[in-house]
Amino acid sequence: MVSKEVVIKNPTGLHLRPAGLFCKTAMQYACKITIEKKNKNEAIEANAKSVLSVLGSCIKSGDLINIVCEGEDEEIALKEMVRIVEDGLGE
């Protein structure tokens, strides 16, 4: 299992279009990929391969998320998921 914290840079957060890109990228990998976001009193975990799960986590611009990859291609998957977030998720 590998993970890395990243800040959501795009001004609109993970709304439908960037969430779709995020999930489409995650689905290219065999490993399990999750997003963890800490709120005031709770932690939210979302399946990175599910658009509804990602949208339901209400990730906004400036939020710090932890991307966790677990499985056979975890290193490559983590590197690519971090890259697309740092590049602004297509926006």
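Scroll up for the structure.
All of these numbers come straight from a predicted model, not from anything done at the bench.

Trainee: How should the nonpolar core be read in this particular structure?
Mentor: Side chains of nonpolar character tend, in soluble globular proteins, to be buried together. Membership of the largest hydrophobic core comes to 26 residues, with the highest contact counts inside it found for Phe22, Ile33, Ile35, Ile67 and Cys69. For this core, the secondary structure elements donating two or more residues are β1 (2-7), α1 (16-26), β2 (32-38), β4 (64-70) and α3 (74-86). With six residues, α3 is the largest single contributor of residues to this core. Excluding residues within four positions of it along the chain, Cys69 makes contact with Met1, Val2, Cys31, Lys32, Ile33, Glu74, Ala77 and Leu78.

Trainee: Explanation requested: the sheet that holds β1 in the structure shown.
Mentor: Pairing between the strands of a sheet is mediated by backbone hydrogen bonds and can be parallel or antiparallel. Taken in spatial order, the four strands make up an open sheet running β1-β4-β2-β3, and their pairing is antiparallel. Whereas interior strands pair on both sides, the edge strands pair on one side only; in this sheet they are β1 and β3 (43-47). Here the strands of the sheet are splayed against their neighbours by 25° on average, with no regard to which way each runs. Here six bridges tie β1 to β4, and the two strands are oriented antiparallel to one another.

Trainee: What should I look at first to understand the pattern of salt bridges in this one?
Mentor: Any two side chains of opposite charge can pair, on the condition that their charged atoms come close. For the structure on display, the rule yields three salt bridges. Asp87 is the salt-bridge partner of Arg83, the closest N and O atoms lying 2.6 Å from each other. By relative accessible area, which is 38% here, Arg83 ends up partly exposed. One network of salt bridges, with partners in common, ties together Glu80, Arg83 and Asp87.

About the cut-offs
Residues numbered from 1 in each chain as written. Predicted model: local features only at pLDDT ≥ 70, side-chain atom pairs only at ≥ 80, totals over all residues. Heavy atoms only, no water. Core = buried A, V, L, I, M, F, W, Y, C linked by side-chain atoms within 4.5 Å. Buried < 20%, exposed > 50% of the residue type's maximum accessible area, 1.4 Å probe, protein only. Helix = DSSP H or I, 4+ residues; strand = E, 2+ residues; numbered from the N terminus. Contact = heavy atoms within 4.5 Å. Pairing = 2+ DSSP bridges. Axes fitted to C-alpha atoms, helices over the stretch in contact; angles between N-to-C directions. Salt bridge = Lys/Arg side-chain N within 4 Å of Asp/Glu carboxyl O.

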